[in-house]
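Okay, here's what each chain looks like letter by letter:
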Amino acid sequence: MLTTLVHAKDVTDQIMALKAKGLKIGFIPTMGALHNGHLYLIKKAKKENDITVVSIFVNPTQFNDKKDLEKYPRTLEKDRLMLMSVRTDILYAPEPDDVYPEGSDNNFSIDLGGLDTVMEGAHRPGHFNGVAQVVKRLLEIVQPDNLYMGQKDFQQFTIIQYMINTLNIPTKLRVCPIVREQNGLAMSSRNVRLSSKARENAKLIHNTLKAVKHKIKSHTSSELAQYALKRLTKPPFEPEYFDIVDGNTLQPIENIDKHSYIVACTAVWIEGVRLIDNMILKQEK
Ligand code: AMP
């Protein structure tokens, strides 16, 4: 049975009682408009924990563009059915003033070690401070043993791992692979805003990432980025960035041979929708 809670205190009380019984808690924070990418995280959490908690909260502090916040799809009733279909135990679906109560220090900024100044951070000022704020609050409320996030948001999970380490938060981050539509487009809540033609053509993003990976041995990183940007500049596609970075520092790299962990990350606009995707190009153990 899915228990839906809207108050942080109720969530914490219930979870404390469950933890006192020795039960392990897995947590998946989301902004709703759930799809199979989210369900993958939930199924993984179900396997590795006794109780699975999902939050649905469209966090205003991480939207630097007010229109994007307004247009963000909200489908709570449908989401609840999907959560039931995978036997989620607890849904926390609060309003903003429950997460950020008046009078508390909500607007804190968090040291993110410079990981927040590149890529998404460079194009969406303040975005990651908002993400870190909300995840820190949610972790205080839920106090999970395990936190599940997707590789789809590569910079996001890297930053949250940094925050967990620096604040000594006793939660283990588990990262799950990108779930894609049949044509390769990374699943995203934003995909529903695309026309069916654009949704089909958006396979170009994944195809470009695959082509870059294929060429990594025979080209420099700037050649690869140039190639990708050219390929993605095909109306109605408009790439915002295509960066080849070190997977740990997220800093752009020059010499591919000098790095053992390399990721290509991109953001592409199509029909007024901003899509992000990434691919690990190299990961030597
Ligand atoms: P969101 O609701 O977009 O904030 O995403 C909630 C969580 O689901 C984040 O950790 C995302 O990285 C993850 N996620 C979103 N889309 C996908 C996907 N296609 N594959 C895997 N994880 C995803």
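Check the entry above for the structure.
A brief structural summary. For clarity, every value in this text was computed on a predicted model and none was experimentally measured.

**Section: the site of the ligand**
Turning to step 1, where the next piece is worked out: Around the ligand, the surrounding shell holds 17 residues, and the nearest of these are Met-31, His-38, Asp-153, Val-179 and Met-187.
Turning to step 2, where the next piece is worked out: Between an oxygen atom of the ligand and a side-chain N or O atom of Asp-153, the distance comes to 2.6 Å.
Turning to step 3, where the next piece is worked out: In the model, a nitrogen atom of the ligand is placed 2.9 Å from a nitrogen or oxygen of the Met-187 main chain.
Turning to step 4, where the next piece is worked out: Taking 480 Å² as the accessible area of the ligand by itself, protein coverage stands at 93%.

**With respect to the packing of aromatic side chains**
Turning to step 1, where the next piece is worked out: In total, this model carries 4 aromatic pairs according to the counting rule given.
Turning to step 2, where the next piece is worked out: Where Phe-63 meets Tyr-72, the ring centres are 5.8 Å apart and the plane angle is 75°; that geometry is what we call edge-to-face. This pair shows no difference in class: Phe-63 is buried, exactly as Tyr-72 is.
Turning to step 3, where the next piece is worked out: Following the ring pairs from residue to residue traces out a cluster consisting of Phe-154, Phe-157 and Tyr-261.
Turning to step 4, where the next piece is worked out: Geometry around Tyr-227 places Lys-215 over its ring, the cationic atom sitting 4.6 Å from the centre.

**Things to note about the sheet that holds strand E6 (residues 172-176)**
Turning to step 1, where the next piece is worked out: Strand order in the open sheet formed by 6 strands is E1-E4-E3-E2-E5-E6, and the pairing between neighbours is parallel. One side of each edge strand has no neighbouring strand; the edge strands of this open sheet are strand E1 (3-5) and E6. Neighbour-to-neighbour, the strand axes of the sheet open up by a mean angle of 25°, direction not taken into account.
Turning to step 2, where the next piece is worked out: Of the strand pairs in this sheet, E1 and strand E4 (residues 90-92) are connected by 3 bridges, and their pairing is parallel. For Thr-4, the partnering residue across the bridge sits in E4 and is Leu-91.
Turning to step 3, where the next piece is worked out: Docked against the sheet, helix H2 (residues 36-48) engages strand E2 (25-30), strand E3 (51-56), strand E5 (146-150) and E6, running at close to 155° with respect to E5.
Turning to step 4, where the next piece is worked out: The strands touched by helix H8 (residues 154-166) are E5 and E6; relative to E5, the strand with the most contacts, the crossing angle is about 155°.

Rules used in this analysis
Residues numbered from 1 in each chain as written. Predicted model: local features only at pLDDT ≥ 70, side-chain atom pairs only at ≥ 80, totals over all residues. Heavy atoms only, no water. Near = heavy atom within 4 Å. Polar contact = N/O pair within 3.5 Å; in protein donor to acceptor, adjacent residues only side chain to side chain. Areas by Shrake-Rupley, 256 points an atom, 1.4 Å probe, with all protein chains shown as cover. Phe/Tyr/Trp six-rings, centres within 6.5 Å; stacked < 30°, edge-to-face > 60°. Buried < 20%, exposed > 50% of the residue type's maximum accessible area, 1.4 Å probe, protein only. Lys NZ or Arg CZ within 6 Å of the ring centre and 35° of its normal. Pairing = 2+ DSSP bridges. Helix = DSSP H or I, 4+ residues; strand = E, 2+ residues; numbered from the N terminus. Axes fitted to C-alpha atoms, helices over the stretch in contact; angles between N-to-C directions. Contact = heavy atoms within 4.5 Å.

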